[in-house]
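# Coordinates in review
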Amino acid sequence: MEDQIIKRFMTSIKCSVCGQHYDIDDVQILDHKENLWFFSVSCSNCKTQCLVAAVIKEDRKPSGITDLTEVELDKFRNLDNITTNEVLDMHSFLESFNGDFTQLFSEDI
Ligand SMILES: [Zn+2]
């Protein structure tokens, strides 16, 4: 998918601190793996930086392709669906995460 289209998608998202919509120039694409994209965005208004992960699907791609085996598919079917709480946890993590991976991974757990 074109970077510009992805970035335009990001402009529909508001800064979690001051509520300003991001500009295309505020968005930096870090990486993507299939439909999962990682962005670093910095708000032009309040200068807050944050990391955004988004699943972006291309419509023309066929859905349902998988390299999982039948056994694996059965296993995942029986797992609980992602709960609202888990999504909220991720949301609050991303809100507080400052984009510093080096610091994140060097923290003592
Ligand atoms: Zn802001």
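From a predicted model like this one, the values you see are computed outputs, not experimental measurements. (Residues numbered from 1 in each chain as written. Predicted model: local features only at pLDDT ≥ 70, side-chain atom pairs only at ≥ 80, totals over all residues. Heavy atoms only, no water.)

All right, on to the overall build of the protein chain then. Secondary structure summary: the protein chain contains four helices and three strands in total. Helices (α) and strands (β) of the protein chain occur, in sequence order from the N terminus, as α-β-β-β-α-α-α. Out of the 109 residues belonging to the protein chain, those deemed buried represent 18%. Across the protein chain, the fraction of contacts at a sequence separation of at least 24, relative to all contacts at a separation of at least 6, is 32%. Split by element, the accessible area of the protein chain, about 8700 Å² in all, is 51% carbon and sulfur. (Helix = DSSP H or I, 4+ residues; strand = E, 2+ residues; numbered from the N terminus. Buried < 20%, exposed > 50% of the residue type's maximum accessible area, 1.4 Å probe, protein only. Contact = heavy atoms within 4.5 Å. Areas by Shrake-Rupley, 256 points an atom, 1.4 Å probe, with all protein chains shown as cover.)

Summarising the metal site, the zinc ion is bound by the protein donors Cys15 (SG), Cys18 (SG), Cys43 (SG) and Cys46 (SG), whose distances to it range over 2.3 Å. Every donor counted, the four donor atoms about the zinc ion form angles of 102 to 115 degrees at the centre, which fits tetrahedral coordination. Positions of the donor residues of the zinc ion along the chain correspond to the pattern C-x2-C-x24-C-x2-C. One end of the pair, cysteine 15, is in the loop between α1 (3-10) and β1 (27-33); the other, cysteine 46, is in the loop between β2 (36-42) and β3 (49-55), with 31 residues separating them in the sequence. (Donors = N, O, S within 2.8 Å, 3.2 Å for Na, K, Ca; no water. Tetrahedral: all angles 85-135°; square planar, octahedral: opposite > 155°, others 65-115°.)

Further remarks concern the packing of aromatic side chains. For the structure on display, the rule yields one aromatic pair. Seen from their ring centres, tryptophan 37 and phenylalanine 39 are 6.4 Å apart, and the 10 degrees between their planes marks the pair as stacked. By the burial criterion, tryptophan 37 is buried, and phenylalanine 39 matches it. (Phe/Tyr/Trp six-rings, centres within 6.5 Å; stacked < 30°, edge-to-face > 60°.)

Turning next to the nonpolar core. Side chains of nonpolar character tend, in soluble globular proteins, to be buried together. One finds Met10, Tyr22, Val27, Phe39, Val41, Val52 and Ile56 to be the most contacted residues of the largest nonpolar core, which totals 13 residues. Apart from residues lying up to four places away in sequence, methionine 10 is in contact with Tyr22, Val27, Phe39, Val41 and Val52. (Core = buried A, V, L, I, M, F, W, Y, C linked by side-chain atoms within 4.5 Å.)

We now examine the pairing of β1. Where β1 meets β2, six bridges bridge the pair, whose relative direction is antiparallel. The residue of β2 that forms the bridge with histidine 32 is tryptophan 37. (Pairing = 2+ DSSP bridges.)

This part is about α1. Of the residues making up α1, those classed as buried are Ile6, Lys7 and Met10. Projected down its long axis, α1 shows its buried positions confined to an angular sector of 95 degrees, all on one face. Residues of α1 that are buried in the fold lie against β1, β2 and β3. (Arc of directions from axis to C-beta.)

Tracing the sequence through the fold places serine 44 in the loop between β2 and β3. Through-space distance from the C-alpha of serine 44 to that of tyrosine 22 is 7.3 Å; in sequence the pair is 22 residues apart. Among residues more than four places away in sequence, those in contact with serine 44 are Gln20, Asp23 and Asp26.

What follows deals with the environment of lysine 14. Turning to its location among the elements, lysine 14 is positioned in the loop between α1 and β1. When the C-alpha positions of lysine 14 and cysteine 43 are compared, they lie 8.9 Å apart, and in sequence the two are 29 residues distant. When near neighbours in sequence (up to four residues on either side) are disregarded, lysine 14 contacts Gly19, Gln20, His21 and Tyr22.

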